Amino acid sequence: MKILIVLAHPETQSFNAAMFRKAIETLRIEGHEVKTSDLYRMNFNPVSDRHNFTTVKDSSFLKLQLEEMHATEAGSFSPELRTEQEKVEWCNLMIWQFPLWWFALPSILKGWADRVFAMGKAYSNGNLYEQGLFKGKKALLSVTTGSPEKAFLKDGLQGDINAILRPIHRGIFEFTGFSVLRPQLSYAVARQTAEERSAELEKWSKRLKSILHEEKINVGVY
């Protein structure tokens with residue numbers, strides 16, 4: 001299997017970085033091909049504007065979707081975007097590794113999606129959801145939280161974690177055709193002991209060894 005892993009965390013010694021490294025190690029040992037995007041180490045620019053493109057369709061007014069469609073037809077996305085788009089097109093499975101910040105993606109990862117998942121490359125009129133351009137691919141979120149699991153239950157302080165992640169699962173992944181796998185959730189890792197964090201890493205590794213056989217989840221009701 002061809003697997004792309006995207007990491008969004010500024011600290012190389014973080015638990016997110018450890019999960020990232022464990023995934024790379026495990027998947028390669030299992031014989032999978034792995035490509036990565038370590039966004040902070042890449043100094044990836046999350047701001048979407050005219051620097052996304054090397055050509056201009058309308059110089060008088062910037063409408064990103066119009067320019068994205070033009071760039072798709074002309075092959076004129078910036079080199080850094082072409083590289084990332086090619087990774088997404090290449091992979092069979094895409095994994096996003098990140099901490100939940102303000103109930104959402106870190107801005108660098110949201111910006112990566114904003115820029116890379118361009119109209120014409122990731123979706124187009126008539127190519128959405130079940131007919132999405134990435135139909136046949138799978139996507140998985142591996143998320144760390146600050147609060148414990150009980151805070152993310154339906155009646156918990158923070159609310160249902162599945163509802164929090166649904167805008168990503170439905171609004172980005174399924175929207176572009178990906179099938180969504182069950183999220184890997186690591187709760188309150190800053191409060192865990194070294195032994196507990198080690199166990200989390202091994203649980204992640206064990207899951208990845210059989211990831212090829214996992215079925216998609218129902219985002220609407222799981």
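Throughout what follows, the structure given in this document is the object of discussion.

Here is what the cut-offs are and how they apply
- Residues numbered from 1 in each chain as written.
- Predicted model: local features only at pLDDT ≥ 70, side-chain atom pairs only at ≥ 80, totals over all residues.
- Heavy atoms only, no water.
- Buried < 20%, exposed > 50% of the residue type's maximum accessible area, 1.4 Å probe, protein only.
- Helix = DSSP H or I, 4+ residues; strand = E, 2+ residues; numbered from the N terminus.
- Right-handed = clockwise from strand over helix to strand, strands pointing away.
- Pairing = 2+ DSSP bridges.
- Salt bridge = Lys/Arg side-chain N within 4 Å of Asp/Glu carboxyl O.

## Concerning the pairing of strand S1 (residues 2-7)
- Burial within S1 is extensive, with five of its six residues counted as buried.
- Handedness of the β-α-β unit built from S1, helix H1 (residues 15-29) and strand S2 (residues 33-38) comes out right-handed.
- In this structure, S1 lies alongside strand S3 (residues 93-99), joined through five bridges in parallel fashion. Bridging across to S3, Ile-3 finds its partner in Leu-93.

## Here's the deal with the pattern of salt bridges
- Taken as a whole and judged by the stated rule, the model has eleven salt bridges.
- The residue Glu-80 makes a salt bridge to Arg-115 at a minimum N-O spacing of 2.9 Å. Residue Glu-80 is found in helix H3 (residues 79-90), and its partner Arg-115 is found in helix H4 (residues 107-116); the two are separated by 35 residues along the sequence.
- By relative accessible area, which is 31% here, Glu-80 ends up partly exposed.
- Across the pair Glu-89 and Lys-121 runs a salt bridge whose closest N-O atoms are separated by 3.1 Å. One end of the pair, Glu-89, is in helix H3; the other, Lys-121, is in the loop between H4 and strand S4 (138-144), and 32 residues separate them in sequence.
- The partly exposed category is assigned to Glu-89, whose relative accessible area is 35%.
- Within this structure, Lys-22, Glu-25 and Glu-202 form a network of salt bridges that share partners.

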